[in-house]
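# Remarks on the overall topology
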Amino acid sequence: YNFAGGQQLAGQNYKHCIRQEEGYCCIQYNIISYDMGGSVAAITTCATGGIGGKNRCSGASLCTRDFIIIPGAGQTPTGNPGTGGENYERFCGDNLNALGFPNTNQPIISCECPFELSHITGITALSGVGANSADSPVGFQLSYSQIAGSC
């Protein structure tokens, strides 16, 4: 969404649904481009936590204004190995990674049906008067493929 536009419309709530093909249980999202910015709180919290500003953020407490939601997001069809069961579904920042904070884009896998991806933008200005130049998301471009299995 809006990966080439440089601005997002404020106050939007989109849900993208992808039809599940017969015999396919999971979906993998691959990142072509991704910059969802981060709320001012996320930038501050991530930076003070040594996480590097809006570069990568995830979770409901950090991504409060402009973000995407991928239900059941994980590194593998069974989630995120080695995290003690910690998974994120809400993502903002400049990189998309199932672990939340690594500063590299990694494919995201979800086995929750129906296959959905939500895109939410806040109600504050993203350009012009009232905008915060440290938080200017431009959008994202993802591709997807379904993963076969016995559901």
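Residues numbered from 1 in each chain as written. Predicted model: local features only at pLDDT ≥ 70, side-chain atom pairs only at ≥ 80, totals over all residues. Heavy atoms only, no water.

### Topic: the overall build of the protein chain
We count it as follows: Only runs of H or I of at least four residues qualify as helices and only runs of E of at least two qualify as strands under DSSP, and these elements are numbered from the N terminus. Here, residues are in contact when the closest pair of their heavy atoms is within 4.5 Å.
Across its full length, the protein chain carries one helix and eight strands. Listing each helix as α and each strand as β along the protein chain from the N terminus yields β-β-α-β-β-β-β-β-β. Restricting to contacts in the protein chain with at least 6 residues of sequence separation, those with at least 24 account for 77%.

### A closer look at the state of the cysteines
By definition, a disulfide links the sulfur atoms of two cysteines through a covalent bond. We apply this condition: Cysteine sulfur atoms are paired as a disulfide whenever they come within 2.5 Å of each other. Throughout, exposure labels follow a simple rule: accessible area from a 1.4 Å probe, protein chains only, divided by the maximum for the residue type, with under 20% read as buried, over 50% as exposed, and the rest as partly exposed.
Under the defined criterion, the tally for this structure stands at one disulfide. Two residues, Cys26 and Cys111, share a disulfide whose sulfurs are 1.8 Å apart. In this structure, the disulfide formed by Cys26 and Cys111 twists by about 100° around the S-S bond and is classed as right-handed. Linking Cys26 in strand β2 (residues 24-35) with Cys111 in the loop between β6 (108-110) and β7 (115-120), this pair joins segments that are 85 residues apart in sequence. We classify Cys26 as buried; its relative accessible area is 7%.

### Points about the pattern of salt bridges
Pairing between side chains becomes possible if they bear opposite charge and their charged atoms approach one another. Quick note on the threshold: For salt bridges, the criterion is a side-chain nitrogen of Lys or Arg within 4 Å of an Asp or Glu carboxyl oxygen.
Summed over all chains, the structure comprises two salt bridges. For Glu116, the salt bridge identified is with Lys15, shortest N-O distance 3.5 Å. A residue pair is termed long-range when its members are at least 10 positions apart, and Glu116 in strand β7 and Lys15 in strand β1 (residues 13-18) qualify at 101 residues.

### A few points about the packing of aromatic side chains
Note the following rule: Note on aromatic pairs: the rings of Phe, Tyr and Trp (six-membered ring only in Trp) are paired at centre separations within 6.5 Å, and the planes decide the class, stacked below 30 degrees, edge-to-face beyond 60, tilted for the rest. Two conditions define a charge sitting above a ring: the NZ of Lys or the CZ of Arg must be within 6 Å of the ring centre, and it must be within 35 degrees of the ring normal.
Applying the stated criterion across every chain yields a total of zero aromatic pairs. The side chain of Arg90 reaches across the aromatic face of Phe67, ending 4.2 Å from its centre.

### Some words on the environment of Thr78
With respect to the helices and strands, Thr78 occurs in the loop between β4 (67-69) and β5 (90-93). Between the C-alpha atoms of Thr78 and Ser110, which are 32 residues apart in sequence, the distance is 8.7 Å.

### Quick word on the sheet that holds β2
Put simply, the test is: For two strands to count as paired, DSSP must find a minimum of two bridges between them. Axis geometry follows a simple rule: fit a line to the C-alpha atoms, using only the stretch in contact for helices, then measure angles between N-to-C directions, giving values from 0 to 180 degrees.
Strands sit in the order β6-β2-β8 across an open sheet of three strands; the sheet is antiparallel. The open sheet has two free edges, formed respectively by β6 and β8 (139-148), since each of these has just one partner strand. The mean angle between the axes of side-by-side strands here comes to 25°, regardless of whether they run parallel or antiparallel. As defined by bridge partners, β2 adjoins β8 across ten bridges and the pair is classed as antiparallel. Bridging across to β8, Asn30 finds its partner in Ser143.

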